[in-house]
Amino acid sequence: MLKKILTIAGSDCSGGAGIQADLKTMAAHGVYGMSVIVSVVAENTARVIDIQDISPKMIEEQIDAVFEDIVPDAVKIGMLSSPACMKAVAGKLEQYQPQHVVIDPVMFAKNGDPLMEPASVGTLIKYVLPYADLLTPNIPAILIPQRMFVTVDSFALMVIPLFILAGELIYAKGCKNVLIKGGRNMAGAVDVLFDGESARRYEIGQIDTSNTHGTGCTLSSAIASNLALGHPVPEAVELAKSYVTDAIRRAPGLGHGCGPLNHFCRIF
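It should be emphasised that the depicted structure is a prediction, and the values quoted were computed from it without experimental measurement. (Residues numbered from 1 in each chain as written. Predicted model: local features only at pLDDT ≥ 70, side-chain atom pairs only at ≥ 80, totals over all residues. Heavy atoms only, no water.)

**Student:** Which residues make up the overall build of the protein chain, and what are the values?
**Tutor:** Helix and strand counts for the protein chain stand at 7 helices and 11 strands. Counting only residues that meet the buried cut, the protein chain has 51% of its 268 residues in that class. Excluding contacts between residues fewer than 6 apart, the proportion of contacts in the protein chain whose partners are at least 24 apart in sequence is 67%. Just so you have it, the protein chain exposes about 11600 Å², and 55% of that area is on carbon and sulfur atoms. (Helix = DSSP H or I, 4+ residues; strand = E, 2+ residues; numbered from the N terminus. Buried < 20%, exposed > 50% of the residue type's maximum accessible area, 1.4 Å probe, protein only. Contact = heavy atoms within 4.5 Å. Areas by Shrake-Rupley, 256 points an atom, 1.4 Å probe, with all protein chains shown as cover.)

This is the structure in structure tokens:
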């Protein structure tokens with residue numbers, strides 16, 4: 001039976017991240033993708049020009065439209081820019097109780113431009129995080145008890161115990177699994193999955209490239225797709241990481257900034 005995935009996120013008119021990257025990733029995995037747009041983002045590979053949020057009422061109605069007709073087998077949540085948006089999404093997660101919720105806490109675009117209001121972090125922790133079957137934060141944005149995210153200034157000081165500590169702290173907020181992503185900030189692009197009891201390390205050969213626009217969106221959507229296809233969390237993460245690596249390695253080289261991935265690299 002064809003699996004169905006819903007992405008709740010912002011759009012990227014350049015096609016490399018957000019809703020567009022999510023739907024491409026889902027199609028590449030042979031699942032049926034659906035979308036709820038929470039923000040329209042005018043961006044490209046070099047910069048974010050402007051953001052226009054969709055009203056909370058319209059966000060709720062999009063979610064209702066999906067769940068009353070084509071119930072998803074997994075939900076991926078990306079950019080949630082404001083507290084009102086977060087509460088709208090959290091309310092519908094409580095109402096529909098979807099399975100396999102993967103949350104990618106998008107705070108910044110790849111070029112560093114902000115995509116979330118700083119004041120929204122507390123709302124994200126309180127209202128959205130408890131619904132995460134898997135949360136996929138980047139290592140420069142580590143959740144700690146006093147604040148949600150703290151910037152790590154020296155990547156040279158990052159070690160696996162730090163990853164595990166971060167995972168433990170996030171897990172305590174209600175997530176069932178936490179994937180701490182080192183990405184290009186760590187030699188070997190190290191990620192660590194923490195499930196509340198043990199940690200699993202994922203490492204690949206580092207790729208020297210600037211074509212990394214939308215990697216977080218793509219990874220989380222690939223994980224959600226693999227979960228819907230029946231893979232357990234550790235295997236879903238491993239398969240998704242391999243897919244993203246291939247998509248980066250075979251990137252089309254578009255744009256003047258951080259270029260997009262080749263989401264259909266395994267098909268064409």
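There's plenty left to go through after this.
**Student:** Break down the nonpolar core for me, with residues and values.
**Tutor:** Leu6, Ile8, Val36, Ile59, Ile77, Leu80 and Val89 are the most contacted members of the largest nonpolar core, which totals 30 residues. Those elements giving two or more residues to this core turn out to be strand 1 (4-12), strand 2 (32-43), helix 2 (56-67), strand 4 (74-77), helix 3 (83-96), strand 5 (101-103), helix 4 (121-128) and strand 9 (178-181). Once you skip the residues sitting within four places of it in the chain, Leu6 turns out to touch Met26, Met34, Ser35, Val36, Val66, Phe67, Pro72, Ala74, Val75 and Lys76. Among the nonpolar cores identified, the runner-up in size contains 25 residues, and Ile5, Val31, Leu219 and Tyr243 belong to it. (Core = buried A, V, L, I, M, F, W, Y, C linked by side-chain atoms within 4.5 Å.)

**Student:** Explain the side chain of Thr25 residue by residue, including any values.
**Tutor:** As for its position among the elements, Thr25 is in helix 1 (residues 18-28). Thr25 sits in the buried class, given a relative accessible area of 0%. Each residue touching Thr25, except ones within four places of it in the same chain, is listed here: Thr218, Ser221, Ala222, Tyr243 and His263.

**Student:** Can you lay out helix 2 for me, pointing to particular residues and giving the numbers?
**Tutor:** With 12 residues, helix 2 should reach 16 Å at 1.5 Å per residue; the first-to-last C-alpha distance of 17 Å fits that figure. Within helix 2 the residues assigned to the buried category are Ile59, Gln62, Ile63, Val66 and Phe67. The buried residues of helix 2 all sit within an arc of 125° when viewed along its axis, so they share a single face. On the buried face of helix 2, the contacting elements are strand 1, strand 2, strand 4 and helix 3. (Expected span 1.5 Å × (residues − 1). Arc of directions from axis to C-beta.)

**Student:** Kindly report on the packing of helix 2 against helix 3, identifying the contributing residues and their values.
**Tutor:** The description of two packed helices rests on the angle between their axes and on the distance between the axes. Relative orientation of the contacting elements helix 2 and helix 3 amounts to 25°, with a least axis distance of 9 Å. Here helix 2 is positioned roughly parallel relative to helix 3, judged by the angle of their axes. Relative to helix 3, the crossing made by helix 2 is right-handed. In this structure, helix 2 uses Pro56, Ile59, Glu60, Ile63, Asp64 and Phe67 to contact helix 3, whose residues at the interface are Ala84, Cys85, Ala88, Val89, Lys92, Gln95 and Tyr96. Looking at side-chain class alone, the contact of helix 2 with helix 3 contains 9 nonpolar, 1 polar and 3 charged residues. (Axes fitted to C-alpha atoms, helices over the stretch in contact; angles between N-to-C directions. Parallel < 35°, antiparallel > 145°, perpendicular 65-115°, else oblique. Left-handed = near helix turned anticlockwise from the far one by under 90°. Nonpolar A, V, L, I, M, F, W, Y, C, P; charged D, E, K, R; others polar.)

**Student:** Hey, could you go over the packing of aromatic side chains for me, with residue numbers and the actual values?
**Tutor:** In total, this model carries 2 aromatic pairs according to the counting rule given. With centroids separated by 4.5 Å and ring planes inclined at 10°, the aromatic side chains of Phe67 and Tyr96 adopt a geometry described as stacked. Taken together, the residues span a long stretch of sequence, with Phe67 in helix 2 and Tyr96 in helix 3 at a distance of 29 residues. A residue is classified by how much of its surface remains accessible, and Phe67, at 10% relative accessible area, is buried. When the ring of Phe264 is compared with that of Phe268, the centres are 6.0 Å apart and the planes differ by 70°; the resulting orientation is edge-to-face. Note on Phe264: relative accessible area 26%, which makes it partly exposed. (Phe/Tyr/Trp six-rings, centres within 6.5 Å; stacked < 30°, edge-to-face > 60°.)

**Student:** Talk me through the packing of helix 1 against helix 6 (residues 215-228); I want residue IDs and the actual numbers.
**Tutor:** Put simply, helix 1 and helix 6 touch, their axes get as near as 9 Å, and they point 40° apart. By the criterion of interaxial angle, the relationship of helix 1 to helix 6 is oblique. Every pair of crossing elements has a handedness; the one defined by helix 1 and helix 6 is right-handed. Within the contact between the two elements, helix 1 uses Gly18, Ala21, Asp22, Thr25 and Met26 and helix 6 uses Cys217, Thr218, Ser221, Ala222 and Ser225. Looking at the contact of helix 1 with helix 6 residue by residue, the class counts come to 4 nonpolar, 5 polar and 1 charged.

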